[in-house]
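This is what each chain is made of:
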Amino acid sequence: MEGYAEQLASPAKMNQEIAALQFISRCLRNDERPESISALRTAIRSGQLPWEAVVNLANNHLLTPALWVVLKQKNLSDDLPDELRDYLRELHQLSRERNTKLQTQLLEAIRELNRIDISPVLLKGAMHLVTDMYGDQGARIMSDIDLLVPVSYTHLRAHETAYTISFDVLCL
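As the structure is a prediction and not an experimental result, all values here were calculated from the model. (Residues numbered from 1 in each chain as written. Predicted model: local features only at pLDDT ≥ 70, side-chain atom pairs only at ≥ 80, totals over all residues. Heavy atoms only, no water.)

**Regarding the overall build of the chain**
Consideration 1: Along its length, the chain carries eight helices and two strands.
Consideration 2: Listing the helices and strands of the chain from first to last along the sequence gives α-α-α-α-α-α-β-α-β-α.
Consideration 3: Buried positions account for 35% of the 172 residues belonging to the chain.
Consideration 4: As presented, the chain carries roughly 11,000 Å² of accessible surface, and 53% of it is formed by carbon and sulfur atoms. (Helix = DSSP H or I, 4+ residues; strand = E, 2+ residues; numbered from the N terminus. Buried < 20%, exposed > 50% of the residue type's maximum accessible area, 1.4 Å probe, protein only. Areas by Shrake-Rupley, 256 points an atom, 1.4 Å probe, with all protein chains shown as cover.)

**Overview of the packing of helix α4 (residues 51-60) against helix α6 (residues 82-115)**
Consideration 1: At their nearest, the axes of α4 and α6 sit 12 Å apart, and the two run at 10° to each other. Judged on the interaxial angle alone, α6 and α4 are roughly parallel. Facing α4, whose interface residues are Trp-51, Val-55 and Asn-59, α6 presents Leu-84, Tyr-87 and Leu-91.
Consideration 2: When its residues are assigned to classes, the contact of α4 with α6 shows five nonpolar, one polar and no charged. (Axes fitted to C-alpha atoms, helices over the stretch in contact; angles between N-to-C directions. Parallel < 35°, antiparallel > 145°, perpendicular 65-115°, else oblique. Contact = heavy atoms within 4.5 Å. Nonpolar A, V, L, I, M, F, W, Y, C, P; charged D, E, K, R; others polar.)

**Topic: the packing of helix α5 (residues 64-73) against α6**
Consideration 1: Relative orientation of the contacting elements α5 and α6 amounts to 115°, with a least axis distance of 8 Å. Classified by the angle their axes make, α5 and α6 are roughly perpendicular. Classified by chirality, the crossing of α6 by α5 is left-handed. The segment α5 lies against α6, with Thr-64, Pro-65, Trp-68, Val-69 and Leu-71 engaging Arg-85, Tyr-87, Leu-88, Arg-89, Leu-91, His-92 and Ser-95.
Consideration 2: Each residue belonging to the contact of α5 with α6 can be placed in one class, and the counts come to seven nonpolar, three polar and two charged. (Left-handed = near helix turned anticlockwise from the far one by under 90°.)

**Comments concerning the environment of Leu-94**
Consideration 1: With respect to the helices and strands, the residue Leu-94 is situated in helix α6.
Consideration 2: Along the backbone, Leu-94 and Gly-138 are 44 residues apart, and their C-alpha atoms lie at a distance of 7.7 Å.

**Observations regarding the nonpolar core**
Consideration 1: Among the nonpolar cores identified, the biggest contains 21 residues, and Phe-23, Ile-44, Trp-51, Leu-67, Leu-71 and Leu-80 are the most heavily contacted of them.
Consideration 2: When residues of this core are traced back to their parent elements, those giving at least two are α2 (11-28), α3 (34-45), α4, α5 and α6.
Consideration 3: If you tally residues by element for this core, the top one is α4, at five residues.
Consideration 4: Once residues within four sequence positions are removed from consideration, Leu-71 is found in contact with Phe-23, Cys-27, Ile-44, Leu-76, Ser-77, Leu-80 and Leu-88.
Consideration 5: Membership of the second largest hydrophobic core comes to eight residues, among which are Leu-102, Ile-110, Ala-126 and Ile-145. (Core = buried A, V, L, I, M, F, W, Y, C linked by side-chain atoms within 4.5 Å.)

**Description of the pattern of salt bridges**
Consideration 1: Within the structure shown, the criterion is met by nine salt bridges.
Consideration 2: Here Asp-82 ties to Arg-85 by a salt bridge, and the two come within 2.5 Å at their closest N and O atoms. With Asp-82 and Arg-85 both in helix α6 and three residues apart, the pair spans about one turn of that helix.
Consideration 3: Of the residues examined, Arg-85 reaches a relative accessible area of 13% and is grouped as buried. (Salt bridge = Lys/Arg side-chain N within 4 Å of Asp/Glu carboxyl O.)

**Quick notes on α4**
For an α-helix, the turn length of 3.6 residues means that residues three or four places apart are oriented alike.
Consideration 1: For α4, the set of buried residues is Trp-51, Ala-53, Val-54, Val-55 and Ala-58.
Consideration 2: Leu-62 lies just past α4 and shows a positive phi near 55°.

Pasting the structure below:
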């Protein structure tokens, strides 16, 4: 990864990254005004957006599925270049499938912990799996489930339960 000095030495690349950041920010902004959507559509159709930089930035910040969701919500996905549209759709689908599996695992973990009178606290993305926080199951890229259980006499029982359902336990 290039450092800041190298980026400054390449203004064209930095301009592409800024354009990518601006595009992603404008897409993700909670702005449904017709003129805002029209401006995004014009930018997409212009052929001037640095799509490689957009994808790299979205991927680096795990925003690619969320970008797809907002482009669909704003009826802009059909304006994308075909290859880009297919790529974003596929990543979103993979994220949705993974999150559905994680949701199943989370519900199993909660059931098993509740069975031994432990009520876990859902941390970070785990809450997303049981609420409609993002409005789309595939919008957020997730790779694990974080639960907080009390350290007490139930500590060992929580470990045993987590082990029986193939969860890794991290003690802090």
